[in-house]
Amino acid sequence: MARIKDTSVEAVKAATEILPLVEDYVRLRKTGGTYKGLCPFHQERTPSFIVTPARGTFKCFGCGEGGDAIAFVEKLEQVDFVGAIEFLAQRFNIEIEYEEISPEAARKRERGKRLEQLLERATVFYERMLWESDAGAFAREYLAGRGLGEDVCKAFRLGYAPGGPTLGRRALQEGYTQEELLTAGQLEDDDDDASF
Ligand code: ZN
């Protein structure tokens, strides 16, 4: 199996300029430090699509699409991350180097990525439980009582684990395995009904 070398990914990111990239698709007009045009992701008559070259980002205030140059290519060209890097390499004349990796290493990498995603989703779930659920009310009161403001708690991504199998069940439904949940520390051993 071949994958793009990290150094090539970095070189492509460094060479990528969002303004000329977007201008391949959208006519933009300069307004101060940003550029404005008709959004390529939804139909509109008045421009609500903004490109900020200094930050390397785009944002549509009509449909909410936004991100960096890689996200722009992923969405518009319907490619994944690797496809976007290859596309940008061509557009900005960067030679990409590939390296061979063993199927074993590829599997390990893929697994690491899945576990990372799993933890991110769990974090978001706990955050929502803390800030948006009735069950989280006493936890919110507790934090406030300890003098911890909402800003601080959100910065540290505190969450509330309600107990019960909800999150574990949902993760299993989404195709994560028991074993992955165990590895990520999101399910207690020999406890199918563990709180998550
Ligand atoms: Zn839009």
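Structural data are supplied above this passage.
Residues numbered from 1 in each chain as written. Predicted model: local features only at pLDDT ≥ 70, side-chain atom pairs only at ≥ 80, totals over all residues. Heavy atoms only, no water.

Caption draft 1: Structural context of the sheet that holds strand β6 (residues 66–68). As summarised here, the arrangement of the 5 strands in space is β2-β3-β4-β5-β6, forming an open sheet in which the pairing is antiparallel. At either end of the open sheet lies a strand with only one pairing partner, and these are β2 (29–31) and β6. Each neighbouring strand pair of the sheet contributes to a mean axis angle of 25 degrees, computed without reference to strand direction. (Pairing = 2+ DSSP bridges. Helix = DSSP H or I, 4+ residues; strand = E, 2+ residues; numbered from the N terminus. Axes fitted to C-alpha atoms, helices over the stretch in contact; angles between N-to-C directions.)

Caption draft 2: A look at the coordination of the zinc ion. The zinc ion binds to the protein through Cys39 (SG), His42 (ND1), Cys60 (SG) and Cys63 (SG); the donor distances cover 2.1 to 2.3 Å. Considering all 4 donor atoms around the zinc ion, the spread of angles at the metal, 104 to 119 degrees, places the coordination shape in the tetrahedral class. Sequence positions of the donors to the zinc ion reduce to the motif C-x2-H-x17-C-x2-C. Taken as a pair, Cys39 in the loop between β3 (34–37) and β4 (49–52) and Cys63 in the loop between β5 (57–60) and β6 lie far apart in primary sequence, 24 residues in all. Taking relative accessible area as the criterion, Cys63 reaches 37% and is therefore assigned partly exposed. (Donors = N, O, S within 2.8 Å, 3.2 Å for Na, K, Ca; no water. Tetrahedral: all angles 85-135°; square planar, octahedral: opposite > 155°, others 65-115°. Buried < 20%, exposed > 50% of the residue type's maximum accessible area, 1.4 Å probe, protein only.)

Caption draft 3: The arrangement of the nonpolar core in detail. Of all hydrophobic cores here, the largest spans 26 residues; its most connected members are Val22, Leu28, Phe49 and Val51. Of all elements in the fold, only α1 (6–15), α2 (18–23), β4, β5, α3 (69–77) and α4 (81–91) reach the threshold of two or more residues within this core. Per-element accounting of this core gives the leading share, 5 residues, to α3. The next biggest cluster of nonpolar side chains, apart from the first, holds 10 residues, and it includes Ala122, Tyr126, Leu130 and Leu143. (Core = buried A, V, L, I, M, F, W, Y, C linked by side-chain atoms within 4.5 Å.)

Caption draft 4: View of the packing of aromatic side chains. Applying the stated criterion to the full structure yields 9 aromatic pairs. With a centroid separation of 6.5 Å and 50 degrees between ring planes, the pair formed by Phe41 and Phe49 is classed as tilted. A residue is classified by how much of its surface remains accessible, and Phe41, at 21% relative accessible area, is partly exposed. By relative accessible area, which is 0% here, Phe49 ends up buried. Both rings, one in Phe41 and one in Phe72, keep their centres 5.8 Å apart while their planes meet at 85 degrees; by these two values the pair is edge-to-face. Remark: Phe72 occurs in helix α3 and Phe41 occurs in the loop between β3 and β4; sequence separation between them is 31 residues. For Phe72, a relative accessible area of 0% puts it in the buried group. Feature note: the residues Tyr25, Phe41, Phe49, Phe58 and Phe72 constitute an aromatic cluster, connected by ring pairs. One Lys or Arg, Arg91, reaches over the ring of Phe92 and ends 4.9 Å from the middle of that ring. (Phe/Tyr/Trp six-rings, centres within 6.5 Å; stacked < 30°, edge-to-face > 60°. Lys NZ or Arg CZ within 6 Å of the ring centre and 35° of its normal.)

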